[in-house]
Amino acid sequence: MEQNRKPTILHLIASLDPGGTERQLLLTIPRLHDFNHVIICLEKWGAIGDQLKTLEFPVYFVPT
């Protein structure tokens, strides 16, 4: 079994409600094929989080 040897980027963001930074995250992550991605949302889950989940990225809500 071959291991995935790509580096992982942890994206830590306060909110996943639609906004500038959140939209850029949604547009950028799918284009970075050389990395694994983990997204952690700290304050407010939103539509961008749902879209990232639909794209099968690991997204976690960890309320602070």
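Heads up: the structure comes first, above all this text.
This structure is a prediction, so every number in the text was calculated from the model and none was measured.

Conventions we followed
- Residues numbered from 1 in each chain as written.
- Predicted model: local features only at pLDDT ≥ 70, side-chain atom pairs only at ≥ 80, totals over all residues.
- Heavy atoms only, no water.
- Helix = DSSP H or I, 4+ residues; strand = E, 2+ residues; numbered from the N terminus.
- Buried < 20%, exposed > 50% of the residue type's maximum accessible area, 1.4 Å probe, protein only.
- Polar contact = N/O pair within 3.5 Å; in protein donor to acceptor, adjacent residues only side chain to side chain.
- Contact = heavy atoms within 4.5 Å.
- Salt bridge = Lys/Arg side-chain N within 4 Å of Asp/Glu carboxyl O.

By the secondary structure assignment, histidine 37 is in strand E2 (residues 36-44). Judged by its relative accessible area of 5%, histidine 37 falls in the buried class. Of the polar contacts made by the side chain of histidine 37, one reaches the side chain of histidine 11; its length is 2.8 Å. In this structure the side chain of histidine 37 is engaged in a polar contact, spanning 3.2 Å, whose partner is the backbone oxygen of leucine 32. Excluding its chain neighbours within four sequence positions, the residues that come into contact with histidine 37 are Ile9, His11, Ile29, Leu32, Phe57 and Pro58.

Moving on: the pattern of salt bridges. Following the criterion strictly, the structure yields one salt bridge and no others. A salt bridge links lysine 44 to aspartate 17; the nearest nitrogen and oxygen atoms lie 3.0 Å apart. One end of the pair, lysine 44, is in strand E2; the other, aspartate 17, is in the loop between strand E1 (8-15) and helix H1 (20-28), with 27 residues separating them in the sequence. By relative accessible area, which is 47% here, lysine 44 ends up partly exposed. Its relative accessible area of 23% is what places aspartate 17 among the partly exposed residues.

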